[in-house]
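Read off the chains here:
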Amino acid sequence: MRLENKKALVTGASRGIGRAVAELFAVRGAEVWGLGTGEPPDLAGRIAAAGGKLHWISLDLSVLETVEETIKKALEESEGFDILVNNAGITRDNLAFRMDLEDFRSVLDINLTAAFLAARTLGRWMIKKRAGSIINMSSVVGLHGNGGQANYAASKAGLIGLTKSLAREWAPRNVRVNAVAPGFIDTGMTESLPAAVREKMLEQIPLKRLGKAQDVAETVLFLASDSSAYITGQVFAVDGGMFI
Ligand SMILES: NC(=O)c1ccc[n+]([C@@H]2O[C@H](COP(=O)([O-])OP(=O)(O)OC[C@H]3O[C@@H](n4cnc5c(N)ncnc54)[C@H](O)[C@@H]3O)[C@@H](O)[C@H]2O)c1
């Protein structure tokens with residue numbers, strides 16, 4: 001699967017899954033714009049070594065008022081994006097009775113509302129061009145729920161509703177919108193979990209290993225590429241069979 005002559009915007013590209021997506025896209029020929037709060041020092045070098053070029057957009061997605069304006073500016077500079085990966089996400093876990101309103105809101109803001117704003121800003125351009133692929137990073141937790149993650153699960157379930165609704169609105173203009181639902185992936189987001197929790201999770205994974213960021217990136221690549229030209233409004237679980 002190649003992405004030659006395609007321009008992609010990847011949010012949360014500084015590490016973990018977003019970084020793996022940015023690198024894989026560049027290796028497959030795309031021009032990549034990474035978006036995040038701080039540019040990772042070594043990513044541009046790695047992408048250059050793969051023959052690509054990384055552009056960086058510094059943006060804190062929690063400041064919702066600035067999201068559309070910043071992305072519009074990037075759109076002008078890039079002269080249009082073919083692919084958007086709404087990957088940035090955070091967790092603020094707690095049991096529902098102990099969860100602050102602020103922890104509920106901030107997770108919804110970054111994981112869901114910022115993704116909506118980014119999709120709408122680039123969607124306008126894609127619709128005019130009659131081409132585009134948007135991939136939203138949901139989670140198995142958005143499909144099945146999880147105790148201690150009411151805010152996170154609501155944001156990830158919300159992304160699935162957003163995906164299906166935008167897919168219906170924009171399909172007539174050949175703009176596809178899909179979601180990926182990773183299971184337990186070995187990144188910064190999960191490394192701080194206690195060993196006992198990780199062991200318990202492993203027991204529930206038929207493929208008997210944690211996922212790698214690369215496993216998720218390969219699915220995102222498929223959905224971004226023309227190989228998935230007839231697929232829209234779908235949710236792809238990348239979870240080692242956790243919920244067969
Ligand atoms: N790791 C997992 O097991 C797992 C499972 C399911 C879904 N996911 C989802 O995949 C996505 C990537 O997760 P990851 O595991 O790579 O996590 P990570 O914590 O390693 O990376 C998250 C990325 O989002 C960026 N980000 C966070 N807040 C931001 C903000 N306010 N503004 C701009 N960027 C911001 C971070 O800088 C980072 O680049 C997330 O949406 C996450 O919810 C991860």
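Right, let's walk through the structure included here. Fair warning: this is a prediction, and the values are worked out from it, not measured in the lab.

Moving on, we come to the environment of Ala150. You can see Ala150 is positioned in helix 6 (residues 150-170). Taking the C-alpha atoms as reference, Ala150 lies 9.5 Å from Arg92; in sequence the two are 58 residues apart. Apart from residues lying up to four places away in sequence, Ala150 is in contact with Met99 and Phe104.

In this section: the nonpolar core. By size, the foremost hydrophobic cluster in this structure holds 32 residues, and its most contacted members are Leu9, Leu84, Leu122 and Ile134. Of all the secondary-structure elements, those providing two or more residues to this core are strand 2 (31-36), helix 3 (67-78), helix 4 (101-129), helix 6 and strand 6 (175-182). The biggest single contributor to this core is helix 4, with ten residues. When near neighbours in sequence (up to four residues on either side) are disregarded, Leu9 contacts Trp33, Leu35, Ile57, Ile71, Phe81, Ile83, Leu84, Val85 and Leu122. Membership of the second largest hydrophobic core comes to 31 residues, among which are Ala8, Ala26, Trp56 and Ala224.

Another point: the site of the ligand. Taken together, 28 residues lie around the ligand, and Ser14, Arg15, Asn87, Tyr152 and Thr187 are the ones closest in. Within the backbone of Gly12, a nitrogen or oxygen atom sits 3.1 Å from an oxygen atom of the ligand. Ile17 places a main-chain nitrogen or oxygen 2.8 Å from an oxygen atom of the ligand. In isolation the ligand offers 830 Å² of accessible surface; the protein chains occlude 94% of this area. More than half of the atoms of the ligand fall within 2 Å of the grid points belonging to the largest pocket. Broken down by secondary-structure element, the contributors of at least two residues to the shell around the ligand are helix 1 (16-27), helix 6 and helix 7 (188-191). A per-class count over the shell around the ligand returns twelve nonpolar, 13 polar and three charged.

Moving on to empty space enclosed by the protein. The final tally for this structure, using the stated rule, is one cavity of 30 Å³ or more. Volume-wise, the largest cavity comes out at about 60 Å³. Taken together, 13 residues make up the lining of the largest cavity; nearest its centre are Thr11, Asn86, Ala88, Ile110 and Ala115. Put simply, the parts of the chain that give the lining of the largest cavity at least two residues each are helix 4 and helix 6. Considered class by class, the residues forming the lining of the largest cavity number eight nonpolar, four polar and one charged.

Cut-off values and rules
Residues numbered from 1 in each chain as written. Predicted model: local features only at pLDDT ≥ 70, side-chain atom pairs only at ≥ 80, totals over all residues. Heavy atoms only, no water. Helix = DSSP H or I, 4+ residues; strand = E, 2+ residues; numbered from the N terminus. Contact = heavy atoms within 4.5 Å. Core = buried A, V, L, I, M, F, W, Y, C linked by side-chain atoms within 4.5 Å. Buried < 20%, exposed > 50% of the residue type's maximum accessible area, 1.4 Å probe, protein only. Near = heavy atom within 4 Å. Polar contact = N/O pair within 3.5 Å; in protein donor to acceptor, adjacent residues only side chain to side chain. Areas by Shrake-Rupley, 256 points an atom, 1.4 Å probe, with all protein chains shown as cover. 1 Å grid on protein atoms, 1.4 Å probe; cavity = no way out; pocket = protein on both sides within 12 Å on 5 of 7 lines; lining within 4 Å. Sits in = over half its atoms within 2 Å of the grid points. Nonpolar A, V, L, I, M, F, W, Y, C, P; charged D, E, K, R; others polar. Points joined across faces, edges and corners; volume = space filled by probe spheres on them.

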